[in-house]
Amino acid sequence: MVSQLYFWKPLMEMHKKELTLVKDYYDRTKLYFENIEGEAESYANSIYNNYTGSTDMDVVAEWASEKGLEMYQTLAIMKSNHLLMTISMLYYVWEQQLRRFIINELRHSYVFDKKRLEYSDIQEILELHGVKIGDTKSWSIIRELKFLVNTIKHGDGNSADKLRKVRPDFFKHKMIETDLLDLNDAVLLDSISLQIDENDLYNYVNATKGFWDEMPERAFESE
């Protein structure tokens, strides 16, 4: 029996809607981080205004300012991680969509252990059905997304080196010449190791949605 992959259009639209929800989630929740400068300033002011000891108030003001700066740095990390975690969630939603689709389609023709199905197997299965995802318009962006998500997870490693080749701008800070990921090794422990902004997220959303648009309606296994 020759197997086929049926990219049923309503299912493709459902996948695209799920990916859009990731963007919508981000747009709603990013509002919590719109005024981190003001929050840090209010925190410093509250420390100063509520101080009741006998220390010179100039010293208290300096101490409160330092605490406000610490608060700002903490909020900046949270803001950065909010974007990075959303980008990671987007990739894993897309990857799981693809995995679930392949498993459900192959079950019509084969009996197999889904737990043994690796990402490389999924690519091979698609190619056996004539779908070369590397030739799609969206693939270069999705591959970049995969490198970025692995870098977010593992820090400065092989994926980071691959990401440097395709997006060197991610590693260039406007005020600091040093590659900060090379210096800090990790991504989630500070807010400036990678220069990512929300436009990158939106581009990744469009690419993952575009992937499903590029799929044929039916693809048949090569005999």
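Keep in mind that what you see is a predicted model, and the values were worked out from it rather than measured.

**Digging into the overall build of the protein chain**
Alright, step 1. In terms of regular secondary structure, the protein chain is built from eight helices and two strands.
Alright, step 2. Starting at the N terminus and walking to the C terminus, you meet the elements of the protein chain as β-α-α-α-α-α-α-α-α-β.
Alright, step 3. Computed over its C-alpha atoms, the radius of gyration of the protein chain comes to 23 Å, more than 25% above the 17 Å expected for a compact globule of 223 residues.
Alright, step 4. By its C-alpha atoms, the protein chain is 85 × 35 × 30 Å across when sized along the principal axes.
Alright, step 5. Residue burial in the protein chain is summarised as follows: out of 223 residues, 39% are buried.
Alright, step 6. Sequence separation of at least 24 residues holds for 73% of the intrachain contacts in the protein chain that already meet a minimum separation of 6.
Alright, step 7. Per element, the accessible surface of the protein chain, about 13,300 Å² overall, is 51% carbon and sulfur.
Alright, step 8. Positive and negative side-chain charges of the protein chain, numbering 27 and 38 respectively, have mean locations separated by a distance of 9 Å.

**Brief notes about a nonpolar patch on the surface**
Alright, step 1. The grouping of Met-175, Ile-176 and Ile-192 at the surface amounts to a nonpolar patch, some 290 Å² of accessible area in total.
Alright, step 2. Along the chain, the position of Ile-176 falls in the loop between α6 (158–166) and α7 (180–184).

**A look at the nonpolar core**
Among soluble globular proteins, nonpolar side chains are generally buried collectively.
Alright, step 1. Counting residues in each nonpolar core, the largest one holds 48 residues, and the members touching the most others are Phe-7, Ile-87, Trp-94, Ile-102, Leu-126, Leu-148 and Trp-212.
Alright, step 2. Looking at which element gives the most residues to this core, the answer is helix α3 (residues 57–106), with eleven residues.

**What about the environment of Phe-211?**
Alright, step 1. Take Phe-211: it is sitting in helix α8 (residues 198–214).
Alright, step 2. The buried category is assigned to Phe-211, whose relative accessible area is 0%.
Alright, step 3. Spatially, the C-alpha atoms of Phe-211 and Lys-17 are 13 Å apart, while their sequence positions differ by 194 residues.
Alright, step 4. If we skip the residues at most four places from it in the chain, Phe-211 touches Trp-94, Leu-98, Ile-133, Ser-138 and Ile-142.

Cut-offs applied
- Residues numbered from 1 in each chain as written.
- Predicted model: local features only at pLDDT ≥ 70, side-chain atom pairs only at ≥ 80, totals over all residues.
- Heavy atoms only, no water.
- Helix = DSSP H or I, 4+ residues; strand = E, 2+ residues; numbered from the N terminus.
- Rg over C-alpha atoms; globule rule 2.2 N^0.38 Å.
- Buried < 20%, exposed > 50% of the residue type's maximum accessible area, 1.4 Å probe, protein only.
- Contact = heavy atoms within 4.5 Å.
- Areas by Shrake-Rupley, 256 points an atom, 1.4 Å probe, with all protein chains shown as cover.
- Lys, Arg positive; Asp, Glu negative; His and termini not counted.
- Charge placed at Lys NZ, Arg CZ, Asp CG, Glu CD.
- Patch = residues over 30% accessible without salt bridge, like charges linked within 9 Å, V, L, I, M, F, W, Y side chains within 5 Å.
- Salt bridge = Lys/Arg side-chain N within 4 Å of Asp/Glu carboxyl O.
- Core = buried A, V, L, I, M, F, W, Y, C linked by side-chain atoms within 4.5 Å.

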